[in-house]
Amino acid sequence: MKGAGAAAHRFVFGQGWLFGGIYSDGSAEPGFDDRGFARVTLPHTVVPLSWGDWDPATWQNVWIYRRHFDGAQVPGGRRRVFADFDGVMTSATVVLNGTTVAEHAGGYLPFAAELTGALVAGDNVLAVIVDARWLDVPPGGSPAGPAAVDYLQPGGIHRDVRLRVVPEVFLADVFARPADVLGADRSVQVQATIDAAVVPAGPVTVTAEIRDGARRLAGAAVTVPVTAPGPAVARLSVTGLGEVELWSPETPRLYTVRTRLEAPGAPPHEVEVRTGFREAVFRPDGFYLNGQRRLILGLNRHELFPYTGMAAPARLHRRDAEILRRELNCDMVRCSHYPQSPHFLDACDELGLMVWAETPGWQYVGGPAFRAIVEQNVRDLVIRDRSRPSVIVWGTRLNESANETGLYERTRQIADELDGSRPTSGAMNRYALGDWAQDVYGYDDYRAEGGRATLRPPLPGVPYLVTEAVGALSGAPLYRWTDTGAVLAVQGRMHAEVHHIARSGAGYAGLLGWCAIDYASLNGGNRIWRNLKWPGVLDTFRVPKPGAALYQSQVSPRVRPVIAPMFGWDPGAAGPGPGALIATNCERLELHAGGQHLATALPDRGNYGGLAYPPAVADLTVDGSGRPDLRIDGYVGGAIVATLRMSADPARDRLALTADHTALAADGSDATRLTFRAVDAYGNWRRHVTGSVALELTGPGTLVGDNPFPFGDYGGVGGAFVRTQAGRAGPVRVTARHPALGAATVRIVAGEPRLGWRAGGLA
């Protein structure tokens, strides 16, 4: 939600923070000597992290952050001032000038601290006491500690903070809900929550208009009496919209709802939210989007990053959404197992990536205080994201938890009362309805028979969505870069197997594979290496494994032709042998080794015919002694549309270095991912590389990552981030060097940030 108009201001408030480490008595007081504190930019994690080997004991403590700002720079008059926190891990106490102004339990949802009464004209000290211990707060609380939850949660102010200045009577929330989307009488139902610190001199007027860019489609107005301080609600129905374009993964069309509050004797206040027109319905026979049955193809996502934990800027979250939608061709993502960054959700709205939004939790359900937080989390999640067209399911029960019927009837009711336009669900690890209390049955299905992944049939009479599959199969391999080519190929095959079943069997709404990205964990026994879990089709640096190939190929060849082998072409080997899988959207593949025709491969519709584009299977048994190149030509309509080459000659191997972005904002927070890989002459990942990669950075940037990086240990792939420095613009150059593979360089430009009013925040 964006505040606008002359009476409202939003300061970026991520720069200029002081981090004092472990909290000590008095360190939140305004007179405390903080000259020895470290200067940091948000988002921030309280301890340094590597790419693996995270240890919760290092962050399980109470920490202190401080921020000085000049109250004289806050716009004057009769105003209210808030500090808005998008997320603090795990619980926070906010203190302004020695006065506690807010407390919040839980790390994944926003809260606001009103500063109005404690502000002074001169130096103000905003202190945040961050409690990152193992607390009785979802998803934590289990007596077994951090190992009881499948993902690690480093402490810190890990999401954005803003300073918001509004009138005494203002719009605290706007919910825009399109209605009767497929009918001629479509409308937008607007619910505007008014927050009044004083009683205005007369009724207030609320107007709402729907805009397509600069064009106004329609509007409505209502007068509301505000007779007491506190909240009031205005409801408007905006009709007469005319033709609108429907939101879908293929056409993610967004419209702006501009809502304006006018109170007698007070300045006006405007708020803008985005919405989209779409109808998403789950039925026992499947999922329907805008009236058409659609089989969901998707993955689960954790928002954990190497080196920074959950503290990532907007650009990195957006990049994850781009990879899922544009490179892995997912049309849905499950936000497992907590509400994820608003930046990620913004990108999902814009890119057409449907979202399962989930309340924090993982198997454990605690006592009354814990349950009260669960209910509050559902309220906060729904209020935060209910205008988003991308959100199509509310996950209102804790992941894989027992049937706490009373609790989950209440959370379902909360979601229905606050929204009412979306179904509720929750991922189950039991295949039985029992006293299940949601709208869509979500099932985590980890079945295998004879080494092949399979699925149970949908439960009858209910909408049924497979919410996890493949990645956590009992006894499954880790899918590390250091594993054998045969092991890595299994991952891609199994994802193809389960999506084939879900897309060819009646009653499935679709399937969300486990999972998109490797993540830090202590839970899982022999499925963990270096405190990382490895079920992702992308590694922790977001590099695609062979398991990603299936997803990469599920796109029309008219968009982009794909030839993605689920194997490597190693020096001296006899090839991957019979049954080699090649993910492709081509109609026919012709394979050549050493310049000689080797095989013709067609899509395997017998085993994978449920897929839009089944993988092809070939016998790639070759004499590797001559180190022949492999060439694969892809045909559509009798013409070659793509060619892939792979080299078996290590003499031509090199080090490849890429940056996701070549331009960043010099705000001290913005960052981009660097990836370095050992590759063959044609850019394919090369196995069995030893040694380390050393990185060198020059210019106004900061290298975030292990340097040197243990290339051989990780498996010939690695990564880091380049983060900008606040107020320092200019070119940044990064060079990576490997003793055998040589050097590679990328260039990035850090430019002046364009972050809105007073980009750097209050000094």
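Residues numbered from 1 in each chain as written. Predicted model: local features only at pLDDT ≥ 70, side-chain atom pairs only at ≥ 80, totals over all residues. Heavy atoms only, no water.

Asker: When you look at the overall build of the chain in this model, what are you seeing that I'm missing?
Answerer: Check the secondary structure of the chain and you find eight helices and 49 strands. By the compact-globule yardstick of 27 Å for 763 residues, the chain fits well, its C-alpha radius of gyration being 27 Å. Overall, the C-alpha framework of the chain stretches about 90 × 60 × 55 Å when taken along its three principal axes. Within the chain, the proportion of its 763 residues that are buried is 60%. (Helix = DSSP H or I, 4+ residues; strand = E, 2+ residues; numbered from the N terminus. Rg over C-alpha atoms; globule rule 2.2 N^0.38 Å. Buried < 20%, exposed > 50% of the residue type's maximum accessible area, 1.4 Å probe, protein only.)

Asker: Is there a simple way to explain the state of the cysteines in this structure?
Answerer: Disulfides are covalent bonds that link the sulfur atoms of two cysteine residues. Per the stated rule, a full pass over the model turns up zero disulfides. We note that Cys-330 lacks a disulfide partner, and the nearest cysteine sulfur, in Cys-348, lies 11 Å from it. Owing to a relative accessible area of 0%, Cys-330 belongs among the buried residues under this scheme. In this model Cys-348 remains outside any disulfide bridge; the closest cysteine sulfur is found in Cys-335, 6.3 Å from its own. (Disulfide = S-S within 2.5 Å.)

Asker: Looking at this structure, how should I read the pattern of salt bridges?
Answerer: Oppositely charged side chains are able to pair whenever their charged atoms sit close together. Under the criterion given, the structure shown has 56 salt bridges. One salt bridge in this structure joins Glu-209 and Arg-258, with 3.8 Å as the shortest N-O distance. In this pair, Glu-209 sits in strand β14 (residues 204-212) while Arg-258 sits in strand β17 (residues 255-262), placing the two residues 49 residues apart along the sequence. Between Glu-404 and Arg-371 there is a salt bridge, with the nearest N and O atoms lying 3.2 Å from each other. Placement of the pair is Glu-404 in the loop between β25 (391-395) and α4 (405-418) and Arg-371 in helix α3 (residues 368-385), with a sequence separation of 33 residues. Given the relative accessible area of 23%, Glu-404 is considered partly exposed. By relative accessible area, which is 22% here, Arg-371 ends up partly exposed. Counted as one network, the salt bridges with shared partners bring together Arg-274, Arg-318, Arg-319, Glu-322, Glu-327, Glu-350, Asp-660 and Arg-673. (Salt bridge = Lys/Arg side-chain N within 4 Å of Asp/Glu carboxyl O.)

Asker: Teacher, can you tell me more about helix α1 (residues 314-327) here?
Answerer: One turn of an α-helix holds 3.6 residues; hence residues three or four places apart share an orientation. In a regular helix each residue adds 1.5 Å, so 14 residues correspond to 20 Å; α1 covers 19 Å between its end C-alpha atoms and thus fits that length. Within the span of α1, buried status applies to Leu-316, His-317, Arg-319, Asp-320, Ala-321, Glu-322, Ile-323, Leu-324 and Arg-325. Check the buried side of α1 and you find it contacts β22 (296-301), β23 (332-335), α2 (342-351), β44 (671-679) and β47 (717-724). With its phi angle positive at about 60°, Asn-329 sits one or two positions after the end of α1. (Expected span 1.5 Å × (residues − 1). Contact = heavy atoms within 4.5 Å.)

Asker: Just to check I follow, could you spell out the pairing of strand β37 (residues 588-593) for this structure?
Answerer: Side-chain direction in a regular strand flips from residue to residue, so the side chains alternate between the two faces of the sheet. Counting buried positions over the six residues of β37 gives five, a clear majority of the element. Taken together, the six bridges between β37 and strand β40 (residues 630-636) define a ladder with antiparallel strand orientation. Each bridged residue has a counterpart across the sheet, and for Glu-590 the counterpart in β40 is Asp-633. Sheet topology note: the β37/strand β38 (residues 596-601) ladder contains five bridges and is antiparallel. Paired with Ala-593 across the bridge in β38 is Gln-596. (Pairing = 2+ DSSP bridges.)

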